[in-house]
Amino acid sequence: MNINIMPNANSENMGQPLPRLAYTMQETAKILGVSYITIHRLLKRGLLHSSSALRHKLIPGSEIERFLKATLK
């Protein structure tokens, strides 16, 4: 899941949506194939990190990648 924050500003990219940078807890659960409550528990235990800037928790795509790499052994 490589994320390009600054897409090339050429004509072939015009009109295409920007890549997702962060996901809700529900979306993260779907990506990882676990339940919403599992994501809640991972956040509470500090195994997964979310943005605290908004009222709703958003989990960056890079954090999902980091979590997967750290837990795959």
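For the structure, check the block above.
Calculation notes
Residues numbered from 1 in each chain as written. Predicted model: local features only at pLDDT ≥ 70, side-chain atom pairs only at ≥ 80, totals over all residues. Heavy atoms only, no water. Helix = DSSP H or I, 4+ residues; strand = E, 2+ residues; numbered from the N terminus. Buried < 20%, exposed > 50% of the residue type's maximum accessible area, 1.4 Å probe, protein only. Contact = heavy atoms within 4.5 Å. Areas by Shrake-Rupley, 256 points an atom, 1.4 Å probe, with all protein chains shown as cover. Core = buried A, V, L, I, M, F, W, Y, C linked by side-chain atoms within 4.5 Å.

### Describing the overall build of the chain
Summing up its helical and strand segments, the chain has three helices and two strands in all. Looking at the chain as a whole, 21% of its 73 residues are labelled buried. Sequence separation of at least 24 residues holds for 42% of the intrachain contacts in the chain that already meet a minimum separation of 6. With the model as given, the accessible surface of the chain reaches about 5800 Å², and the carbon-plus-sulfur share is 57%.

### A word on the nonpolar core
If you look at the biggest cluster of nonpolar residues, it comprises 11 residues: Y23, M25, A29, L32, I39, L42, L43, L48, I59, I64 and F67. At the level of secondary structure, the elements contributing two or more residues to this core comprise helix 1 (25-32), helix 2 (36-45) and helix 3 (61-71). Discounting chain neighbours no more than four positions away, the residues touching A29 are V34, S35, Y36 and I39.

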